[in-house]
Amino acid sequence: MGSCIAIVLWHPILRVGGMCHFVLPERHGAPEASPNGRYAVEAMALFQRGVRGVNTTMKEYHGMIYGGANVVASLAGSGEEDTIGMRNAGCAMELLQQHGVTVMVADVGETWARRISFDMSSGEVEVKR
């Protein structure tokens, strides 16, 4: 993943969780009939649906955020600060905080892509750069 973001939610007691991968903070234009996980706001709506499905609340989960790299700017030699990656990372952090999720990890920014793997049996996330 480059400028996109992965959010992992993990319930440490029930040992359930989920992961989303979004590309942009929100959709511009007409909304579709059902949420599209490519957008942070809609991915969070899908998370909420899943959380309700196991009779829990968002506040019971630990959150982890990965991605938001500035890969393109690093290739071009640009030190641009306001990148889509940083906007994505900020949006992810804000959404989790709005829903009362404790953010345990925020591995965001920098100039390298990440590949992550989420182990549902343990809640651990492996990050490869």
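The structure under discussion appears in the preceding block.
Rules and cut-offs
- Residues numbered from 1 in each chain as written.
- Predicted model: local features only at pLDDT ≥ 70, side-chain atom pairs only at ≥ 80, totals over all residues.
- Heavy atoms only, no water.
- Salt bridge = Lys/Arg side-chain N within 4 Å of Asp/Glu carboxyl O.
- Helix = DSSP H or I, 4+ residues; strand = E, 2+ residues; numbered from the N terminus.
- Buried < 20%, exposed > 50% of the residue type's maximum accessible area, 1.4 Å probe, protein only.
- Pairing = 2+ DSSP bridges.
- Contact = heavy atoms within 4.5 Å.

1. Considering the pattern of salt bridges
In this structure the tally under the stated criterion is three salt bridges. The closest approach of N and O atoms between arginine 27 and glutamate 42, which form a salt bridge, is 2.7 Å. Of this pair, arginine 27 sits in the loop between strand 2 (16-22) and helix 1 (40-53) while glutamate 42 sits in helix 1; the two residues are 15 residues apart in sequence, bridging distant segments of the chain. Neither residue differs from the other here; arginine 27 and glutamate 42 are each classed as buried. For arginine 114, the salt bridge identified is with aspartate 107, shortest N-O distance 3.0 Å. On the basis of relative accessible area, arginine 114 is assigned to the buried category, the value being 2%. Each member of the salt-bridge network shares a partner with another, and the members are Asp107, Arg114 and Arg129.

2. A closer look at the pairing of strand 5 (residues 115-118)
Where a strand is regular, its side chains alternate between the two sheet faces. The alternating pattern of strand 5 places Ile116 and Phe118 on a buried face and Arg115 and Ser117 on a face that is not buried. Pairing between strand 5 and strand 6 (residues 125-128): four bridges, direction antiparallel. Bridge assignment links phenylalanine 118 to a residue of strand 6, and that residue is valine 125. Taking the residues that link successive antiparallel strands as the turn, the strand 5-strand 6 hairpin has six residues, and the phi of glycine 123 there is positive, at about 85°.

3. Considerations on the side chain of asparagine 36
Tracing the backbone through its elements, the reader meets asparagine 36 in the loop between strand 2 and helix 1. Asparagine 36 sits in the buried class, given a relative accessible area of 12%. Discounting residues that sit within four places of it in the chain, asparagine 36 has contacts with Arg27, Glu42 and Ala43.

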